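The primary structure of each chain is shown beneath.
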Amino acid sequence: DLYLLGLSAQEAQTGNRARDAVNYLEQALRVDPQFVKAHAALARALLIWLEYPIVPPPADAERRAEVEIHKALALDPSSSEAYASLCALLYRVEHADAEANCKRALDLNPNNTTALWLLHDYRPLDDADVVMTRLAQLDPASLRFWRAHIRNALWQGGADAYKKEFDRALQF
């Protein structure tokens with residue numbers, strides 16, 4: 001399924017894989033232009049590509065992401081995925097409504113890992129450990145989760161904790 005291939009490529013969060021994610025998601029939308037989640041995922045992939053521009057992203061990537069978000073919301077005004085993508089776009093431009101859109105995404109779907117990650121990454125959370133525990137429950141195989149978890153182990157427990165959690169990640 002092109003949509004799932006796009007999500008998988010997006011998970012790596014690198015320029016090469018972001019480009020692949022965009023390609024897969026554009027193909028999915030050619031098959032079904034009404035696929036709301038694919039519009040939202042395409043927006044997110046374009047934004048990730050801008051964050052990791054190892055391979056230069058399209059010059060109009062941010063504008064295209066915004067268009068895809070609006071398409072998704074026009075098709076389904078209650079799309080949690082679209083609100084999470086809107087949150088990502090607004091955080092990118094440091095807009096005050098970013099957090100509200102992440103919270104809207106979570107109101108619509110408390111299991112939206114994109115919105116949880118965005119809140120975790122862009123604002124200090126009093127309950128960061130609770131969020132990480134929730135992310136571990138929702139997506140325990142996520143590369144992004146393990147990177148954050150191992151980094152936290154280093155900060156909180158030093159090199160020995162880092163090595164222990166790194167070895168644990170390799171076993172997983």
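Just above, that's the structure.
Remember, predicted model here, so these are calculated numbers, not experimental data.

Undergrad: How should I be thinking about the overall build of the protein in this particular structure?
TA: Helix and strand counts for the protein come out as 9 helices and 0 strands. Starting at the N terminus, the α and β elements of the protein follow one another as α-α-α-α-α-α-α-α-α. For the protein, whose C-alpha radius of gyration is 16 Å, the value lies close to the compact-globule estimate of 16 Å for 172 residues. Each principal axis of the C-alpha atoms in the protein carries an extent, and together these give about 50 × 30 × 25 Å. In the protein, which comprises 172 residues, the share counted as buried stands at 41%. Accessible surface, the protein as shown: approximately 9,300 Å² in total, 53% of it carbon and sulfur. With 19 positive and 24 negative side-chain charges, the protein shows a spacing of 3 Å between the two charge centroids.

Undergrad: Hey, could you run me through the nonpolar core in this one?
TA: One broad rule of soluble globular proteins: the nonpolar side chains tend to lie buried together. Residues Leu46, Leu86, Tyr91 and Leu135 are the most contacted members of the largest nonpolar core, which totals 51 residues. Looking at this core element by element, the count peaks at 12 residues for helix α3 (residues 36-51). If sequence neighbours within four positions are ignored, Leu135 has contacts with Thr113, Leu116, Trp117, Pro140 and Phe145.

Undergrad: Quick question: what am I supposed to make of the packing of α3 against helix α4 (residues 61-75) here?
TA: Between two packed helices, the angle of one axis relative to the other and the distance separating the axes together describe the packing. Between α3 and α4, whose axes approach to 8 Å, the crossing angle comes to 160°. When the axis of α3 is compared with that of α4, the two are roughly antiparallel. The element α3 and its partner α4 pack so that their crossing is left-handed. Note on element contacts: α4 touches α3 through Ala61, Glu62, Arg64, Ala65, Glu68, Ile69, Lys71, Ala72 and Leu75, opposite Val36, His39, Ala40, Leu42, Ala43, Leu46, Leu47 and Leu50.

Undergrad: Can you help me understand unusual backbone geometry in this one?
TA: Glycine aside, a negative phi is what most residues show, and trans is what most peptide bonds show. Despite not being glycine, Glu94 shows a phi value in the positive range, around 55°. Looking at the secondary structure, you find Glu94 in the loop between α5 (80-92) and α6 (98-108). Residue classification places Glu94 among the exposed positions, given a relative accessible area of 74%.

Undergrad: Can you help me understand the packing of aromatic side chains in this one?
TA: Two descriptors summarise a pair of aromatic rings, namely the distance from one centre to the other and the angle between the planes of the rings. Per the stated rule, a full pass over the model turns up 1 aromatic pair. Relative to Phe35, the ring of Tyr3 has its centre 4.8 Å away and its plane inclined at 45°; by these criteria the two rings are tilted. Of this pair, Tyr3 sits in helix α1 (residues 2-11) while Phe35 sits in the loop between α2 (15-31) and α3, and the two are 32 residues apart along the sequence. The residue whose ring lies beneath Arg104 is Tyr83, and the NZ or CZ to ring-centre distance is 5.3 Å.

Undergrad: Can you help me understand the side chain of Glu68 in this one?
TA: Of note, Glu68 is situated in helix α4. On the basis of relative accessible area, Glu68 is assigned to the buried category, the value being 9%. Polar contacts involving the side chain of Glu68 include one to the side chain of His39, which spans 2.5 Å. In this structure Glu68 touches Leu29, His39, Leu42 and Ala43, once residues within four positions along its chain are discounted.

Undergrad: Before we go on, may I ask you to explain the state of the cysteines in this structure?
TA: A covalent bond bridging the sulfur atoms of two cysteines is what the word disulfide describes. Within this structure, the stated rule accounts for 1 disulfide. Covalently, Cys87 is tied to Cys102 through a disulfide, its sulfur atoms 1.9 Å apart. Handedness here is read from the sign of the S-S torsion; for Cys87 and Cys102, about -75°, the answer is left-handed. Taken as a pair, Cys87 in helix α5 and Cys102 in helix α6 lie far apart in primary sequence, 15 residues in all. The exposure classification of Cys87 matches that of Cys102, with both residues buried.

Undergrad: Sorry, what's going on with the side chain of Ser79 here?
TA: Within the element layout of this structure, Ser79 appears in the loop between α4 and α5. Not counting residues within four places of it along the chain, the set of residues in contact with Ser79 comprises Val36, Leu73 and Leu108.

Here is what the cut-offs are and how they apply
- Residues numbered from 1 in each chain as written.
- Predicted model: local features only at pLDDT ≥ 70, side-chain atom pairs only at ≥ 80, totals over all residues.
- Heavy atoms only, no water.
- Helix = DSSP H or I, 4+ residues; strand = E, 2+ residues; numbered from the N terminus.
- Rg over C-alpha atoms; globule rule 2.2 N^0.38 Å.
- Buried < 20%, exposed > 50% of the residue type's maximum accessible area, 1.4 Å probe, protein only.
- Areas by Shrake-Rupley, 256 points an atom, 1.4 Å probe, with all protein chains shown as cover.
- Lys, Arg positive; Asp, Glu negative; His and termini not counted.
- Charge placed at Lys NZ, Arg CZ, Asp CG, Glu CD.
- Core = buried A, V, L, I, M, F, W, Y, C linked by side-chain atoms within 4.5 Å.
- Contact = heavy atoms within 4.5 Å.
- Axes fitted to C-alpha atoms, helices over the stretch in contact; angles between N-to-C directions.
- Parallel < 35°, antiparallel > 145°, perpendicular 65-115°, else oblique.
- Left-handed = near helix turned anticlockwise from the far one by under 90°.
- Phe/Tyr/Trp six-rings, centres within 6.5 Å; stacked < 30°, edge-to-face > 60°.
- Lys NZ or Arg CZ within 6 Å of the ring centre and 35° of its normal.
- Polar contact = N/O pair within 3.5 Å; in protein donor to acceptor, adjacent residues only side chain to side chain.
- Disulfide = S-S within 2.5 Å.

Just distances and angles here, no functional claims.
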